[in-house]
Every structure is written in C-alpha cells, then in structure tokens.
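The primary structure of each chain is shown beneath.
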Amino acid sequence: MIPPIASNFVAGETPEASLAHVEGLNDRGVAGILNLLGEHYEERPPADADADAYVDLVEAIAERDVDACVSVKSSQIGLDVGDRVFEENLARIVEAANAPTATDGDDGSDGDESGTFVWIDMEDHETTDVTLDAFERHAVETDGNVGVCVQANLKRTRDDLERLADLPGKVRLVKGAYDEPAELSYKKKARVDESYRDCLAYMFEAFDGGVAVGSHDPAMIEYATELYADHGTPYEVQMLTGVRESAQFELAADPDTDAEVYQYIPYGSKWFSYFYRRIRERKSNALFALRAIVGN
Ligand code: FAD
C-alpha cells in the first residue's frame, strides 16, 4: 500500500485507482495523462508486460469514457533491450489506442473517432533521435493522435522543433529532467528558462495547434497566455499530480483562459523511486512529507 505521504504524488498502485483519480479531476475540468511507473528494463519480458498494461489501459479509458490519455517512456517499453522491441511495443499501444471501441455508434458511425491519445515522454539525449523518429511515424499514421516531449535544456531542441512543426500531433515542451553533458545542454537555470521561452515562442508561431506547456512555472504559463493572445494557437498546460494542484484547478476554472489543463498522473507498484525524486527535487515537497510524518 502507498503511504499517505507518497499518495500526494502518485494516484495509486492499480489502473483502477488511476482511473478513479481521473474521474475526480474530470469533474473539476482537468483531463488526465496516465503514466504507469517503470523505466530502463534491460530484458524483454518486463518491457512487454508494461506494453500489455498500456494496451489494457487504453481500452479501459475508452470503456470508462474518461477524459484521459497515456504517456509512455521509451525505456519502459524496450528501448534498452533494442530499438526494434521499443518500436514493436509502441506500435501495439498506438494501434490499441486507435482501435474502434465499444462506445462507437451502433449505426456504424464512430462515437469517438479520435481514439485515445498517446504521449511519448523524452528520456536522456541518447534516446532523442529514436524517440522523435518513432513519433514522426506514428504522428503521420494516426493523423496526429500521438505526442512527443522535447526538452528546453538541450541545445538541439530549437532545431528539432522546426522538424516537428510540419508534422501532425502534439509537442510537450519541458525544461528537461536529465543531467546532460555540458556540450549538449544548457546548465544554468536562467539559460534553460531563456531557451524555454524561445522554444515556446517558436511553437506558438509555427505550430497550427498541439502546443503543450509541460511546466509548473507560473512565469512560463503566463508567457504562454501572452503568446496565445498574439497568435491564437490552441494549447494546453500540463502539470504533475501533487504539484501546484490548486493552480491546475484555478486555471481549468478560469473563464479568461482557453488553455486545456492536463494532470500527468503516475501510478503503479514502482512508486517509491518516483516519490523519492519528487522529494529530493524541492524543499517544499520535503517539508510537506515531513509535516505528514510528524502529523502537523
Ligand atoms: P522549475 O523550473 O523547476 O521551477 C520554476 C517555478 O515553478 C518555481 O520557482 C515554482 O514557482 C514552480 N514550481 C516548480 N516545481 C514546483 C513544486 N514542486 N511545487 C511548487 N511550485 C513549483 N522531463 C523530461 O525530461 N522528460 C519528460 O518527458 C517530462 N515530462 C514531463 C511532463 C509533465 C506534465 C511535467 C510537468 C514535467 C515533465 N518533465 C519531463 C519534467 C520537466 O523537465 C522538469 O524537470 C520539471 O517540470 C521542473 O520544471 P518546471 O518547469 O516545472 O519548474
């Protein structure tokens, strides 16, 4: 069982718990991005098992008719085993996500033609090319029912965005969670923030839609609002479970904001290392955990 201090950041251990969490969010105008925790499998069986779990999950999302999509990590579905394993497992998930569902109309019409959206998270720089290539293939095949994450701390990202601008699908811009080599990445926070702003401005200018702001940073969210006012490009804001949740609900309820709001929701039995990362990255999260332990 997940202890209460960790359950702030993780929806539960089972798909059922994550779907119940999504239903609660949907009632408050926030959609869900479900992520089964797991990464860096070096053998095929656990990678296949997590891909199976995602296939079941996209079917459960369609059956429950909740406003949710999924986000997968390349190394979770086999990239460390081999490119082919990753590609086969991703294809299975995308295919299941786009399969006709029981909620489609009995008269032969499609009840929900769009299927379940599949995001591909971005991991360290060694995975960028293979991840973008896989995204491109599926974005074209599904006419935009997949998305990919790119990282503002990588120097290459601004150029990658020019390639992505011509493709269907969505792109999530984040600052980047991996400690990358200095020759490939910006190290100073102010420089990463500057790169984030440059990339975001380009996305609002050059993309027809599908801009996702993956950040808790009020300055970046405000900047997106300004760019939207200038360009009118549809966009969404994505934040993590347990981080600035009141801001998520306020944004979703704000009649002056057109942004869709998504919460990225980790779940599953491998919750401990994820929870530990959240606590290490920020003092306020550590204080929250400490208060929970001492019962104040
Ligand atoms: P920071 O630059 O860390 O902080 C800026 C400001 O945001 C802070 O001053 C504060 O005002 C606010 N803030 C930030 N964190 C908190 C907090 N915990 N509590 C309260 N206020 C806070 N990284 C990847 O490398 N690959 C991915 O695929 C990926 N996917 C992501 C998906 C989503 C939906 C999100 C939100 C992040 C993802 N990340 C991913 C992580 C990302 O790269 C950053 O490491 C992380 O989001 C921290 O950057 P930030 O922009 O949120 O804010």
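Residues numbered from 1 in each chain as written. Predicted model: local features only at pLDDT ≥ 70, side-chain atom pairs only at ≥ 80, totals over all residues. Heavy atoms only, no water.

Caption draft 1: Main features of helix α7 (residues 189-206). In this model, α7 (18 residues) spans 25 Å end to end at C-alpha, consistent with the 26 Å of a helix rising 1.5 Å per residue. Within the sequence span of α7, burial applies to V192, D193, S195, Y196, C199, L200, A201, Y202, M203 and F204. Against the buried residues of α7 lie α6 (157-165), β5 (170-174), β6 (211-214), α8 (218-231) and β7 (235-240). (Helix = DSSP H or I, 4+ residues; strand = E, 2+ residues; numbered from the N terminus. Expected span 1.5 Å × (residues − 1). Buried < 20%, exposed > 50% of the residue type's maximum accessible area, 1.4 Å probe, protein only. Contact = heavy atoms within 4.5 Å.)

Caption draft 2: Region of interest: helix α10 (residues 271-281). Listed in full, the buried residues belonging to α10 are W271, Y274, F275, R278 and I279. Looking straight down α10, one finds that the buried residues subtend no more than 135 degrees of arc, so they occupy a single side. For α10, the exposed residues set more than 90 degrees away from the buried face come down to F272 and R280. (Arc of directions from axis to C-beta.)

Caption draft 3: Expanded view of the pairing of β6. Burial along β6 is two-sided: V211 and V213 and A212 and G214, pointing in opposite directions, are all buried. Each parallel crossover has a hand, and for β5 linked through α7 to β6 it is right-handed. Bridge count for β6 against β7 is four bridges, and the pairing is parallel. Following the sheet pairing, V213 is matched in β7 by V237. (Right-handed = clockwise from strand over helix to strand, strands pointing away. Pairing = 2+ DSSP bridges.)

Caption draft 4: Broad picture of the packing of helix α3 (residues 44-64) against helix α4 (residues 83-97). Interhelical geometry of α3 versus α4 gives an angle of 10 degrees and a closest axis separation of 8 Å. Here α4 runs roughly parallel to α3, going by the angle between their axes. Contacts between α3 and α4 involve R44, A47, D48, A51, D52, Y54, V55 and V58 from the former and V85, E88, N89, R92, I93, A96 and A97 from the latter. Partitioned by chemical class, the residues of the contact of α3 with α4 number nine nonpolar, one polar and five charged. (Axes fitted to C-alpha atoms, helices over the stretch in contact; angles between N-to-C directions. Parallel < 35°, antiparallel > 145°, perpendicular 65-115°, else oblique. Nonpolar A, V, L, I, M, F, W, Y, C, P; charged D, E, K, R; others polar.)

Caption draft 5: The site of the ligand, seen in detail. Taken together, 24 residues surround the ligand, and among them M122, K175, G176, S215 and H216 come closest. Interatomic distance of 3.2 Å between a side-chain N/O atom of R172 and a nitrogen atom of the ligand. Burial of the ligand by the protein chains amounts to 80% of its free accessible area of 940 Å². Using a 2 Å cut-off from the grid points, one finds that the ligand occupies the largest pocket. Broken down by secondary-structure element, the contributors of at least two residues to the shell around the ligand are β4 (146-151), β5 and β7. Looking at the shell around the ligand element by element, the count peaks at three residues for β7. Partitioning the shell around the ligand into residue classes produces ten nonpolar, seven polar and seven charged. (Near = heavy atom within 4 Å. Polar contact = N/O pair within 3.5 Å; in protein donor to acceptor, adjacent residues only side chain to side chain. Areas by Shrake-Rupley, 256 points an atom, 1.4 Å probe, with all protein chains shown as cover. 1 Å grid on protein atoms, 1.4 Å probe; cavity = no way out; pocket = protein on both sides within 12 Å on 5 of 7 lines; lining within 4 Å. Sits in = over half its atoms within 2 Å of the grid points.)

Caption draft 6: Local environment of the state of the cysteines. All told, the structure shown has zero disulfides when counted by the stated rule. Summary of cysteine pairing: C199 is not part of a disulfide, and the nearest cysteine sulfur, belonging to C149, is at 11 Å. For C199, a relative accessible area of 1% puts it in the buried group. (Disulfide = S-S within 2.5 Å.)

Caption draft 7: Local environment of the pattern of salt bridges. Across all of its chains, the model carries 20 salt bridges by this definition. Across the pair K175 and D217 runs a salt bridge, and its minimum N-O distance is 2.6 Å. Taken together, the residues K175 in the loop between β5 and α7 and D217 in the loop between β6 and α8 connect sequence positions 42 residues apart. One continuous salt-bridge network, built from bridges that share partners, spans R44, D48, R84 and E88. (Salt bridge = Lys/Arg side-chain N within 4 Å of Asp/Glu carboxyl O.)

Caption draft 8: Highlighting the packing of helix α5 (residues 128-141) against α6. Their axes nearest at 11 Å, the elements α5 and α6 cross at an angle of 15 degrees. Here α5 lies roughly parallel to α6, going by the angle between them. Along this stretch, α5 crosses α6, giving a crossing that reads as right-handed. Between α5 and α6, the contacting residues are T128, L132, D133, F135 and E136 on the first element and D160, R163 and L164 on the second. The residue inventory of the contact of α5 with α6, partitioned by class, reads three nonpolar, one polar and four charged. (Left-handed = near helix turned anticlockwise from the far one by under 90°.)

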